[in-house]
Amino acid sequence: MNAQQLPQGLGAARYIGQRVLRKEDPRLLTGRGQFVDDISLPGMLHCAFARSAIARGNILNIDTSAARDMPGVHAVYTQADLAHFNAQMLSFFLLPPEVEMTPLASDRVCYVGEPLALVVADSRALAEDAASLIEVEYAELDPVVTLADARNGPPIHPGTSDNIAAEMGDEELDDDLAATLNGAAHLVTQKVVHQRISQAPMETRGVVASRDGNEELTLWITCQSPHMIARWVSQSLGLPQTAIRVIAKDVGGSFGLKNHPWKEEVSVILAALLFGRPLKWIEDRYEALTASNQCREAEMTLQAAFDAEGHLLASHGDYACNNGANPQGPDNNIAVHMFVWGAYKMPAYAFLTRGYYTNTNGLAAYRGPWAIESLIRETLLDRAARKIGIDPVEIRRRNLVTLKDQPSVSSMGIPREDITPAECMEKLLHHFDLAAFRKEQAAARAEGRYLGFGLATYIEPTGSAGSMPVMTGELAQIRIEPTGKVTATMSTHSQGHGTATTMAQIIADRLGVAYEDVTVFEGDSARGGFSPGAAGSRQGVIGGGAAISAADLLAAKVKTVAAHLLNASAETITIDGGTVHVTGAPEMSRSLGEIAAIAYGEPDRLPPGCESGLEVQHRYQPPPMTFTSAAHACVVEVDADTGFVKILRWISSEDCGTVINPAVVEGQISGGLAQAIGMVLLEEMPFDARGNPLSATFKDYLLPAISDIPEFEFVPANTPSQALGGMRGVGEGGAIIGPPTLVNAIADALIPFGELPEPLALPLTPTKLLSVIEGRDLAAHSAPAPVVVAAAAPATEPAPAAAAPAGEVRVDGAWDMVLKTPMGPQGMVVTFAVDGNAISGRFDSPEGSQDFIGGTLEVNRVRFDLKVEKPMKITLKYDLQFDGDSLSGKCKMGMFGSAKVSGTRKV
Amino acid sequence: MSEHRVNLTINGRGHAATVEARMSLGDYLRDEAGYTGVHLGCEHGVCGACTVIVDGRAVRSCLMLAVQADGSEVTTAEGLADGDGTLHPVQQVMREEHALQCGFCTPGILMTLAALTGGQEKADEATLMNSLSGHICRCTGYQGIRRAARRLAADSGQ
């Protein structure tokens, strides 16, 4: 990484850009970290869960008597014991689910591993023994496991008409788009079937809950932000009067899994409230693999039309993902479509996107949750290049947005001002001699060795703040202690990110003190302020900006105080190495400690009106979104005898803006790439037809080891962003750009044998690659039913006219209406006023009220536009059908496509 | 459930305890002896996070029972550094090479590297890499771990 390139205005930097040693490491290297399982409280008892052995069914009886009778067991709870708390499971956006969900199963189970009962015992071993004695009688139902099952099978949740958890976009292809696609010189279709992945942080989930009297609750929990946990638990449990303190000093990785608590953690917290003694639950690996939330299972078809020279003309995407039974928010992954062509000159794009409920583990976030957009686009581009007869580099050169093409707006409305994927690619190609590689590749092929080159480019939205409820700014509180040492309390949180290090580097530089003299505290909701923590590659961008702002404010105060004490003007004061200097008067220098001691202890000596002490805080609000860009390339050799892939080189050319610590940045990219390599070659979480998870140990679920991961090379490509400090964020990118880079290299290696099979189904196991090499399906004897991914068909049927209503049509009055938005279902009350065929009305929701006019009524069809300002300026076009006391229809949400609307007359 | 008396030395200090036959060495070290630097990542012998040194050899403490360690000398991550806080060479090189992020797998990697580089016979680079393939790190992509192992092999003249 480029350590020298600092943005304008950051000034001289001693620490920013340097590979300084991490502050976290001395405790972690000596076994003195504090992970949740390291917490032990007086009187603490241990929990274990009895879990569903079937994927779908009704619970007839749970017999806990044998477990209760076991010595060492203190309590056994089922949902009947917890129901009175009315705990509400919530999404990351703090919205309730649209299907019934309780911490412990109440009358039905909807996935294998769903928690049914919680045992409290003297030890974890005893709690497990007792859990195994709990007898459950079920009336088993046939499970819905795959996406194909979900489309065709019965709805798994009562009260729903289908298994669609979330849906947006249009089923019918626009006539113009269809004409462009079908009339183009080249139409290339790529289909991807992405396997299910387990986030698999090395530290499993866990919580210690302690009820400290009736008004205080303390939680130690492995998470991504203690503040987020405190907010989630307060709202979920309805405990506005309870002081909730959440502590998570060290967390053993998370990657999206631990964004917020889920059923087990909530059950343990409720049990602790009920039982009155501190309770601990630490998930074991078997539970982590079979009962935790999971991610990534999806299918997508992407069509792209090119002119004869390989320029993009139009595209359509059809996406479906498996939400499992109880996702952490119903999800159709709208970001896939927002960003699929974000870095490219793509004139027109439309999509259909759906999430389906199935009887499997719920969907939770994982590093770059929308990453399939880069996988499918970049693999499509390589196939298109082969079809058109141009180089993979050339097809990108013809279509990527360069700095000269900006500012511009993508066809999905994404403003692009300073993205640099094309520039990253050129820098990468300056470092890697592709022509020389092609010669080497040809020579190797002549010897029966199959080398391949893979290239991919992308942009990644980072540092999101201000457009979604929990995606906030970050807070820095910094004080110079009376000793002169610096203490900072940050709203950032590390699950390995090293934010105590990077934030200290910034603060030391901006304050003019030694890095060793700065201590950063985080990981405790009693300190700092709200932030969602590590989510969306945001902490370097936003936390970094907060650290800069607060440190600059504090430095200004020091200068004001010092100028007054030393009878100098503030402009002549500098702080360097922990000493305050007056320009031209070296004898006037004072240590920061001397100034600080006066600032705290002798307020009479301070300037008039100056607050005593040296403490400031600042919450930094960044631009709404920042972008990181990158190009990656790798070289592989595929063994034609075994189908094994060896990665020979991997080069990252990444523009993540200002680099605070190159070792931390490279660590983030490398970790993401290792996860990408795992996704492409190794990792898979399959289920059998009855919904039983088939990867229950690390012998089944294959994580990459050191022998699977090459050395990564880093090419400098950084340019500062518009955020304060110029950081762009780097947390997720490796996991997004890694998969297409590797797949393209494997495909390139196997060109002598033909294209990779369609659909592209991950992981690319040796068996699958040998099937390409040998030209026969070696997995045929055990292959699952072929997955049919529907391509969008051209629109043929006209839009349905207003159908004759079955019942009375009365639009007037108030309606409870639900709009399925990308952030989850949102409820509102709409009051309509009818005047002849003209409709006006008013929307009321927790976010506020808004009037509309100019709507029309035709028979039972009501259409009107609503212009909204938040979370962004957008015109919502409603098209509703009224039938008796219910309404249904669509809301076209600009670039977000269409969302379903349903409602009932308010009584 | 049978109870057994065990006597063992952990990080140079004597410990006497009564343990259930089924208690793993890892659980004993963490829950009974208080060495929470022993991290249990999978409890089935794959991830390597719980590795400790028993009588000079790297052992997965989740696959060994506490009773089997009776009479043994055990070293955990807490016992690597000198009494004055000076880091063990393996700790120092891991720190300098940024070979850790979340730190959960780290104690096991330290103990494997310490067992292979701290005794009379120094392992060469290939042996170290081969041994490290038995440790899962989900954070770092192994870049710093590989650099650290190379340096340790070079320092030992192998």
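Residues numbered from 1 in each chain as written. Chains lettered and ligands numbered in written order. Predicted model: local features only at pLDDT ≥ 70, side-chain atom pairs only at ≥ 80, totals over all residues. Heavy atoms only, no water.

What about the overall build of chain A?
Then comes step 1: A tally of regular secondary structure across chain A gives 20 helices and 37 strands.
Then comes step 2: Taking 29 Å as the expected radius of gyration for a compact globule of 907 residues, we find that chain A reaches 29 Å, a close match to that expectation.
Then comes step 3: Evaluated residue by residue, chain A yields a buried proportion of 60% over its 907 residues.
Then comes step 4: Counted over contacts in chain A with a minimum sequence separation of 6, partners at least 24 positions apart contribute 75%.
Then comes step 5: For chain A, the computed accessible surface area is about 32500 Å², with 53% contributed by carbon and sulfur atoms. (Helix = DSSP H or I, 4+ residues; strand = E, 2+ residues; numbered from the N terminus. Rg over C-alpha atoms; globule rule 2.2 N^0.38 Å. Buried < 20%, exposed > 50% of the residue type's maximum accessible area, 1.4 Å probe, protein only. Contact = heavy atoms within 4.5 Å. Areas by Shrake-Rupley, 256 points an atom, 1.4 Å probe, with all protein chains shown as cover.)

Details of the side chain of Glu283 of chain A
All names here are of chain A.
Then comes step 1: Inspection of the secondary structure puts Glu283 in the loop between β12 (279-282) and α9 (285-290).
Then comes step 2: Using a relative accessible area of 3% as the deciding quantity, one classes Glu283 as buried.
Then comes step 3: A polar side-chain atom of Glu283 sits 2.8 Å from a polar atom in the side chain of Arg205.
Then comes step 4: Within polar-contact distance, the side chain of Glu283 engages the side chain of Ser292 at 2.8 Å. (Polar contact = N/O pair within 3.5 Å; in protein donor to acceptor, adjacent residues only side chain to side chain.)

Considerations on the state of the cysteines
Then comes step 1: Counted by the stated rule, this structure contains zero disulfides over all chains.
Then comes step 2: With no disulfide partner, Cys47 of chain A has as its closest neighbouring cysteine sulfur the one in Cys223 of chain A, 18 Å distant. (Disulfide = S-S within 2.5 Å.)

Some remarks on the domain arrangement of chain B
Residues and elements named next belong to chain B.
Then comes step 1: Looking at the assigned domains, one finds that chain B contains domain 1 (3-77) and domain 2 (89-155).
Then comes step 2: For domain 1 versus domain 2, the separation of C-alpha centres amounts to 21 Å.
Then comes step 3: Taken together, the 18 residues of domain 1 in the interface contact 13 residues of domain 2.
Then comes step 4: Of the roughly 1100 Å² buried between domain 1 and domain 2, counting both surfaces, carbon and sulfur atoms make up 64%.
Then comes step 5: If you look at where domain 1 meets domain 2, you find zero salt bridges.
Then comes step 6: Summed over the shared surface of domain 1 and domain 2, the number is five residue pairs in polar contact (both at pLDDT 80 or more). (Domains from an automatic or database assignment. Buried area = accessible area lost by both parts, 1.4 Å probe. Salt bridge = Lys/Arg side-chain N within 4 Å of Asp/Glu carboxyl O.)

What to know about the nonpolar core
Residue and element names in this part refer to chain A.
Then comes step 1: Formed by 181 residues in total, the largest nonpolar core has its most connected members in Ile746, Phe832 and Tyr878.
Then comes step 2: The greatest single-element share of this core, amounting to nine residues, is contributed by helix α19 (residues 733-749).
Then comes step 3: Contacts of Tyr878, omitting those with residues within four sequence positions, involve Met817, Leu819, Met828, Phe843, Val862, Arg863, Phe864, Leu866, Lys890, Cys891 and Val901.
Then comes step 4: Counting residues in each nonpolar core, the second largest holds 52 residues, with Ile542, Ala546, Ala551 and Ala585 among its members. (Core = buried A, V, L, I, M, F, W, Y, C linked by side-chain atoms within 4.5 Å.)

Quick notes on the packing of helix α2 (residues 89-96) of chain B against helix α3 (residues 106-117) of chain B
Residues and elements named next belong to chain B.
Then comes step 1: Contact geometry of α2 with α3 gives a least axis separation of 9 Å together with a crossing angle of 130°. Classified by the interaxial angle, the pair formed by α2 and α3 is oblique. In the packing of α2 onto α3, the handedness of the crossing is right-handed. Side by side, α2 and α3 meet where Val90, Gln91 and Met94 of the first sit next to Thr106, Ile109, Leu110, Leu113, Ala114 and Thr117 of the second.
Then comes step 2: Looking at the contact of α2 with α3, its residues break down into six nonpolar, three polar and no charged. (Axes fitted to C-alpha atoms, helices over the stretch in contact; angles between N-to-C directions. Parallel < 35°, antiparallel > 145°, perpendicular 65-115°, else oblique. Left-handed = near helix turned anticlockwise from the far one by under 90°. Nonpolar A, V, L, I, M, F, W, Y, C, P; charged D, E, K, R; others polar.)

Notes on the pattern of salt bridges
All names here are of chain A.
Then comes step 1: Under the defined criterion, the tally for this structure stands at 66 salt bridges over all chains.
Then comes step 2: Two residues, Lys820 and Glu98, come together in a salt bridge whose shortest N-O distance is 3.7 Å. Pair noted here: Lys820 is in strand β30 (residues 813-821) and Glu98 is in the loop between α3 (79-82) and β4 (108-109), with a separation of 722 residues, a long-range link.
Then comes step 3: A relative accessible area of 17% places Lys820 in the buried class.
Then comes step 4: Between Arg377 and Glu373 there is a salt bridge, with the nearest N and O atoms lying 2.7 Å from each other. Of this pair, Arg377 and Glu373 both sit in helix α11 (residues 372-388), four residues apart, which is roughly one turn of the helix. No difference in accessibility class separates Arg377 from Glu373, as the two residues are buried.
Then comes step 5: Three or more residues joined by partner-sharing salt bridges are found here, namely Arg51, Arg124, Glu128, Arg205, Glu264, Glu265, Glu283, Asp284 and Glu287.

Some points on the sheet that holds strand β4 (residues 57-60) of chain B
Residue and element names in this part refer to chain B.
Then comes step 1: As summarised here, the arrangement of the five strands in space is β2-β1-β5-β3-β4, forming an open sheet in which the pairing is mixed. At either margin of the open sheet sits one strand with a lone partner, and together these are β2 (13-20) and β4. The average angle at which neighbouring strand axes cross in this sheet is 40°, direction not considered.
Then comes step 2: Relative to strand β5 (residues 73-75), strand β3 (residues 51-54) is paired through two bridges, and the arrangement is antiparallel. Looking at the pairing, Ile53 lines up with Thr75 of β5.
Then comes step 3: Lying over the sheet, helix α1 (residues 25-32) contacts β1 (3-10), β2, β3 and β5, oriented at roughly 75° with respect to β1. (Pairing = 2+ DSSP bridges.)

Some words on the interface of chain A and chain B
Then comes step 1: Taken together, the contacts link 54 residues of chain A with 40 residues of chain B.
Then comes step 2: Considering only the side of chain A, the residues that lose the most area to chain B are Leu29, Met202 and Ile706 of chain A, jointly responsible for 23% of the buried surface there.
Then comes step 3: Arg22 of chain B is the salt-bridge partner of Asp129 of chain A, the closest N and O atoms lying 2.8 Å from each other.
Then comes step 4: If you look at where chain A meets chain B, you find 21 residue pairs in polar contact (both at pLDDT 80 or more).
Then comes step 5: Ranked by the residues each element gives to the side of chain A that touches chain B, the list is headed by helix α18 (residues 662-681) of chain A, at seven residues.

Some remarks on α1 of chain B
One turn of an α-helix holds 3.6 residues; hence residues three or four places apart share an orientation.
Residue and element names in this part refer to chain B.
Then comes step 1: When α1 is considered as a whole, its buried residues turn out to be Leu25, Gly26, Tyr28, Leu29 and Arg30.
Then comes step 2: In the core, the buried residues of α1 are packed alongside β1, β2, β3 and β5.
Then comes step 3: Phi for Gly34, located one or two positions after α1, is positive at around 85°.

What about the sheet that holds strand β20 (residues 486-490) of chain A?
Hydrogen bonds along the backbone pair up the strands of a sheet, which may run parallel or antiparallel.
Residue and element names in this part refer to chain A.
Then comes step 1: Pairing is mixed in the open sheet, where four strands are placed in the order β21-β20-β19-β25. Each of the sheet's edge strands pairs with one partner strand only, and the pair in question is β21 (518-521) and β25 (615-620). Each neighbouring strand pair of the sheet contributes to a mean axis angle of 20°, computed without reference to strand direction.
Then comes step 2: Relative to β25, strand β19 (residues 474-480) runs antiparallel, the two sharing six bridges. Considered in β25, the bridge of Ala476 is made with His618.
Then comes step 3: Contacts from helix α15 (residues 499-511) reach β19, β20 and β21 within the one sheet, and its direction differs from that of β21 by about 135°.

Thoughts on the packing of aromatic side chains
Residue and element names in this part refer to chain A.
Then comes step 1: Per the counting criterion, the structure on display carries 21 aromatic pairs over all chains.
Then comes step 2: Centre to centre, the rings of Phe92 and Phe93 are 5.5 Å apart; their planes meet at 65°, and the pair counts as edge-to-face.
Then comes step 3: Ring geometry for Phe832 against Phe864: centres 5.8 Å apart, planes inclined by 70°, an arrangement best described as edge-to-face. You can see Phe832 sitting in strand β31 (residues 824-835) and its partner Phe864 sitting in strand β34 (residues 861-868), a full 32 residues away along the chain.
Then comes step 4: In this structure an aromatic cluster arises from ring pairing among Trp815, Phe832, Phe843, Phe852, Phe864, Tyr878 and Phe882.
Then comes step 5: Across from the ring centre of Phe530, 4.5 Å away, lies the NZ or CZ of Arg231, which sits over that ring. (Phe/Tyr/Trp six-rings, centres within 6.5 Å; stacked < 30°, edge-to-face > 60°. Lys NZ or Arg CZ within 6 Å of the ring centre and 35° of its normal.)

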